[in-house]
Amino acid sequence: MLDADFFRRWMTATAASVDREAERLTALDSPIGDADHGSNLQRGFHAVTAVLEKEAPATPGAVLVLAGRQLISTVGGASGPLYGTLLRRTGKALGEDAEVSEGQFADAFRAGVDAVMALGGAAPGDKTMIDALIPAVDALGDGFGAARAAAEEGALATTPLQARKGRASYLGERSIGHQDPGATSSSLLVAALAEANGE
Amino acid sequence: MSDGELVGIVLVSHSAEVAASVAALAKGLAGGGVDVPVAPAGGTEGGGFGTSSELIAAAAASVDRGVGVAVLTDLGSAVLTVKALLAEGDELPDHTRLVDAPFVEGAIAAVVTASTGADLAAVEAAAAEAYTYRKV
């Protein structure tokens, strides 16, 4: 079973991973975006860890709802409302249980990913974070390690795609050949799940 | 509106200058001596390019006269942040709507229409209609 502490560890591990990879995320965002993905997410997840330390919500759902709120209000770019919605909807779907099973989490995370797709209007293959999140959700039934591998593979597979959403879509064919920064940061988020679980 | 209050307009851009300029332009073209509540919410709180949910929420609160707030945005994170705030439920005044309209032309149509005392639905329709005005 997963408790509030597990979800706090997930957020802390994500923040640490975003810190480590911020330069790479921004480098990926330079040719096809506006070169701020790393710094935007760093600012957002620093705010998340700060508020979780201060408020220490007691349930998994409350941890994720609070984290999502912070991302929406602090990131400043499109990744804020997108990741904010992902975490908030996942948290809401978890309800008020003090502990949740991995299966409950998998269902809730799928609801979160569905909400991101509804907000951004992106489908699989559009070269967005969805291309890492959908494979991860599909693999969650086999555990966090499987989800991590699926998300990484999904992020790598965005390289040959042409972007159809966001700023990169204006570049048309010039977006081909670059790994999507959003899919890459999504794979970090999923990898941090495994890390929080000691995998 | 029977109580004489006007619909509020919020203009959300990635740039503080763009939001402020479009607000000034729309108010200038509305004329008629009616002071439509219009507030820009441009850029991030730090003054950079981007979107700030805090600035949006403050702008919406400042133009809310109780008869609705129409929010017009430019692109990307501006659209997504307003949608996320609306989904939160309690971040924006009641009867706040994201209006699907071109930013500059829609803002002018919205402000002029609001100045007549029109309701939120009419302001929204006027702004959205700006999409149908072809230039070529």
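Structure first, text after, so check above.
Computed from a prediction, not measured in an experiment: that's the story for all the values here.

Asker: Quick one: what's the story with the interface of chain B and chain A, residue by residue and with numbers?
Answerer: Every contact between the two is made by 15 residues of chain B and, on the other side, 14 residues of chain A. The junction of chain B with chain A conceals about 1100 Å² of combined surface from both sides, 53% of it contributed by carbon and sulfur atoms. Counting the surface chain B buries against chain A, the share from its top three residues, Leu80(B), Ala84(B) and Glu88(B), is 42%. At the boundary of chain B and chain A, one finds three salt bridges. The closest approach of N and O atoms between Arg88(A) and Glu88(B), which form a salt bridge, is 3.3 Å. Mapped onto the side of chain B that touches chain A, the elements with two or more residues apiece are helix H2 (53-63) and helix H3 (77-88) of chain B. In terms of residue count, H3(B) provides more of the side of chain B that touches chain A than any other element does, eight residues in total. When its residues are assigned to classes, the side of chain B that touches chain A shows five nonpolar, six polar and four charged.

Asker: Account for the sheet that holds strand E4 (residues 96-98) of chain B, naming residues and giving values.
Answerer: Residue and element names in this part refer to chain B. Spatially, E2-E1-E3-E4 is the arrangement adopted by the four strands of the open sheet, whose pairing is parallel. Two strands in the sheet have a free side with no partner beyond their single neighbour: strand E2 (38-42) and E4. Within this sheet the neighbouring strands show an average axis-to-axis angle of 20°, counted without direction. Sheet strands touched by helix H1 (residues 16-30): strand E1 (8-13) and E2. Its angle to E2, the strand with the most contacts, is close to 160°.

Cut-off values and rules
Residues numbered from 1 in each chain as written. Chains lettered and ligands numbered in written order. Predicted model: local features only at pLDDT ≥ 70, side-chain atom pairs only at ≥ 80, totals over all residues. Heavy atoms only, no water. Contact = heavy atoms within 4.5 Å. Buried area = accessible area lost by both parts, 1.4 Å probe. Salt bridge = Lys/Arg side-chain N within 4 Å of Asp/Glu carboxyl O. Helix = DSSP H or I, 4+ residues; strand = E, 2+ residues; numbered from the N terminus. Nonpolar A, V, L, I, M, F, W, Y, C, P; charged D, E, K, R; others polar. Pairing = 2+ DSSP bridges. Axes fitted to C-alpha atoms, helices over the stretch in contact; angles between N-to-C directions.

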